[in-house]
Amino acid sequence: MTVRVRFAPSPTGYLHIGGARTALYSYLFAKAKGGQYILRVEDTDLERSKREFEDAQIGDLLWLGIEHDEGPDKGGEFGPYRQSERMQMYKDIAWDFVERGLAYPCFLTSEELETLTEKANEEKKAPHAYHGKYRDLDSAEAKKRVDAGEEHVIRFKNPGKKWTFTDLVRGEVTFPEDMVGDFVIIRSNGMPVYNFCCVVDDHKMGMTHVFRAEEHLNNTCRQLQIYEALNATPPEFAHVSLLVGEDRQKLSKRHGATSVTQYKEMGYLPGAVTNYLTLLGWSHPDEQDIFDVLDLGDVFDYTRFSKSSAMYDIKKLNFFNEQWLRKLSDEEIAKGFEGALGSDSEFAKQDDSWKQKFSALMKEKVQLFSDIKEHMAVFFNSAADEDEQYKEAISWETTPQVKEYLASQVNELTTEFITEEQVGEWMNYLKKELKIKGKPLFMGMRVCLTGRAHGPDLKTVVALTPISIVKERLS
RNA sequence: GCUCCCAUCGUCUAGCCUGGUCUAGGACACCGCCUUUUCACGGCGGUAACAGGGGUUCAAAUCCCCUUGGGAGUACCA
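The structure displayed is predicted, hence computed values, not measured ones.

What counts and how
- Residues numbered from 1 in each chain as written.
- Chains lettered and ligands numbered in written order.
- Predicted model: local features only at pLDDT ≥ 70, side-chain atom pairs only at ≥ 80, totals over all residues.
- Heavy atoms only, no water.
- Helix = DSSP H or I, 4+ residues; strand = E, 2+ residues; numbered from the N terminus.
- Rg over C-alpha atoms; globule rule 2.2 N^0.38 Å.
- Buried < 20%, exposed > 50% of the residue type's maximum accessible area, 1.4 Å probe, protein only.
- Contact = heavy atoms within 4.5 Å.
- Areas by Shrake-Rupley, 256 points an atom, 1.4 Å probe, with all protein chains shown as cover.
- Lys, Arg positive; Asp, Glu negative; His and termini not counted.
- Charge placed at Lys NZ, Arg CZ, Asp CG, Glu CD.
- Near = heavy atom within 4 Å.
- Polar contact = N/O pair within 3.5 Å; in protein donor to acceptor, adjacent residues only side chain to side chain.
- Patch = residues over 30% accessible without salt bridge, like charges linked within 9 Å, V, L, I, M, F, W, Y side chains within 5 Å.
- Salt bridge = Lys/Arg side-chain N within 4 Å of Asp/Glu carboxyl O.
- 1 Å grid on protein atoms, 1.4 Å probe; cavity = no way out; pocket = protein on both sides within 12 Å on 5 of 7 lines; lining within 4 Å.
- Points joined across faces, edges and corners; volume = space filled by probe spheres on them.
- Nonpolar A, V, L, I, M, F, W, Y, C, P; charged D, E, K, R; others polar.
- Phe/Tyr/Trp six-rings, centres within 6.5 Å; stacked < 30°, edge-to-face > 60°.

Engineer: Tell me what's going on with the overall build of chain A, and back it up with residues and numbers.
Structural biologist: Within chain A, the regular secondary structure consists of 20 helices and 11 strands. The C-alpha radius of gyration of chain A comes to 32 Å, more than 25% above the 23 Å expected for a compact globule of 475 residues. Its C-alpha atoms give chain A principal-axis dimensions of roughly 110 × 50 × 35 Å. Looking at chain A as a whole, 51% of its 475 residues qualify as buried. Long-range pairs, those at least 24 residues apart, make up 75% of the contacts in chain A with a sequence separation of at least 6. Carbon together with sulfur atoms contributes 47% to the accessible area of chain A, which is approximately 22,900 Å² in total. Between the mean site of the 61 positive side-chain charges and the mean site of the 78 negative ones, chain A shows a separation of 2 Å.

Engineer: Account for the protein's contact with RNA strand B, naming residues and giving values.
Structural biologist: Inspection of the region around RNA strand B gives 58 residues, with Thr44, Arg187, Lys365, Phe442 and His454 positioned closest. Of all RNA strand B atoms lying within 4 Å of any protein atom, the proportion belonging to sugar or phosphate reaches 71%. Here a sugar or linking oxygen of RNA strand B sits 3.0 Å away from a polar atom, N or O, in the side chain of Asp45. Glu214 is positioned with one of its side-chain polar atoms (N or O) 3.1 Å from a sugar or linking oxygen of RNA strand B. Of all the elements in the fold, those that place two or more residues in the surface near RNA strand B are β6 (171-175), β11 (310-311), α10 (314-326) and α18 (438-450). Looking at the surface near RNA strand B element by element, the count peaks at 5 residues for α18.

Engineer: Talk me through a negative patch on the surface; I want residue IDs and the actual numbers.
Structural biologist: The grouping of Glu331, Glu332, Asp351, Asp352 and Glu416 at the surface amounts to a negative patch. In this structure, Asp352 sits in helix α13 (residues 352-362). For Asp352, a relative accessible area of 57% translates into the label exposed.

Engineer: Run through empty space enclosed by the protein, naming residues and quoting values.
Structural biologist: Taken as a whole and assessed by the stated rule, the structure comprises 1 cavity of 30 Å³ or more. Quantified by volume, the largest cavity comes out at close to 40 Å³. Surrounding the largest cavity, Pro9, Ser10, Pro11, Val41, Glu54, Gln57 and Ile58 form its lining. Looking at side-chain class alone, the lining of the largest cavity contains 4 nonpolar, 2 polar and 1 charged residues.

Engineer: Go over helix α6 (residues 194-204), please, and point to the residues and values.
Structural biologist: Burial within α6 is extensive, with 8 of its 11 residues counted as buried. Those residues of α6 that sit buried are Asn195, Phe196, Cys197, Cys198, Val199, Val200, Asp201 and Asp202. Buried residues in α6 make contact with β1 (4-7), α3 (87-99), β7 (184-186), β8 (209-213) and α7 (219-229). Backbone geometry just after α6 places Gly206 at a positive phi near 70 degrees.

Engineer: Let's hear about the packing of aromatic side chains: which residues, and what values?
Structural biologist: Inspection of the entire model under this criterion finds 31 aromatic pairs. With 5.5 Å between their ring centres and 80 degrees between their planes, Phe107 and Tyr134 make a pair best called edge-to-face. With Phe107 in the loop between β3 (103-106) and α4 (110-122) and Tyr134 in the loop between α4 and α5 (139-147), the pair connects residues that are 27 residues apart, well separated along the chain. Accessibility classification places Phe107 together with Tyr134 in one group, the buried group. Ring centres of Trp354 and Phe358 lie 4.9 Å apart, and the angle between their planes is 20 degrees; on these two criteria the pair is classed as stacked.

Engineer: Mind laying out the layout of surface pockets, listing which residues take part and the relevant values?
Structural biologist: A water-sized probe, rolled over the atoms, reveals where empty space remains. The space that makes up the largest pocket amounts to roughly 1,300 Å³. What lines the largest pocket is a set of 40 residues, among which Ser10, Thr12, His16, Gly19 and Glu215 lie closest to the centre. For the lining of the largest pocket, the element with the most residues is helix α1 (residues 17-32), which contributes 4 residues. The class makeup of the residues in the lining of the largest pocket is 12 nonpolar, 17 polar and 11 charged.

All we've got here are geometric facts, nothing functional implied.
Below is the structure:
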């Protein structure tokens, strides 16, 4: 049987970093087994679902390199892949359940429900204790009320037995009889509910494995019941550990940037993001940490998931991004820098050979492309950065000599840039003729030429700085 | 409250299934040294963990139980 795994986001917002990880695991597993990875859109929440979010999520998934074999945007033999387009099927199945005595219409109003829940709470019973008021209503009577247009939901009749299944990451999990009550499968507005249509679709779409976050673990109890009513064999479940924030709570917006879109916009490399995300809850058998997850092949499997939740740590993500950045060519780095700096930046105005040299020099200095912003002043700002070390160097008695000599040399030049060789010659002159050496020589030249005590390799920096800037610094 | 899940350095984790090779390995972060006559990169080194208590066993991070702690769910959201 060929493996089929799906990722089923609901388009109520941008793709969450945790969702991306589940998608990644699903995709990686499908590919490891030579199976298919399917994208299904769960848009049964009418108020919150938006097509623009669906488009954005698909875009982000593709950006990460997670390409689906079937989905709403490309079809497939198990379509449609948007739940809003499968409504009739859910309704038919729900009413079939009703006819088979597995489900029933329920006429509880929301006010009644509230009172009942309160009552259950007071009596320290499960909140769902009284949800079954209409479970034994005569079916003909129920039908009559439904036909008369009375508002109703359809509830699934909990058969009242223990449920056990073997989770791929957690092992055997058992739920007690009264874990859930008679739960709603069709809302009063006619829309099916997650636990129902998810199962219908996973079954109809031939899913063999389901990867989802641990928060869904308890839902499996309800879902198992639906599978049974469907006479279907449930897929294998893998409930992956949760991603949490610094406070150990489920990762959410208040923890900072949690959508893939944000990372894309901040200039993170998709390979770095997937690399880091994969390692939050899964480990490489060879204890490798920097690798392209898309090249994992059959190395990826579900035996190496960790069961405990993982704290999302942006510092480590940044480290991964840094490692991935280092592997890029100078051209690619240049493109990234330009993206971060903008097309009207000083960087963008330079020619290709300058950009490449600059990129080769600066790529070791950044974790993110956007970090380059902090380094631009060395090249384009004529004003000095007067920190302690700068002040010290500028006060050395030899520094005025250095500056005077450098100024005389630079002012003679009519080129746009100084060459590395010229800087070398000046250095030699200062050393031989003026007998300046050691720190006063090197640091002296640096502060005069670059206006600051720190920076990348002196000759290279100077050769990349517009001569007009250098002249201003020496004036 | 009830149900379910989880528990190794501050963090991500290896090891656990198939007890001994674990004075617990790697990575991030942090600190120090070297390198760089700056900064960074890099190299080397360091601090730092088996939640607690009982068993089982010649032997337990590894198996069992309890306690404690954390998390998730408990919806006509997904």
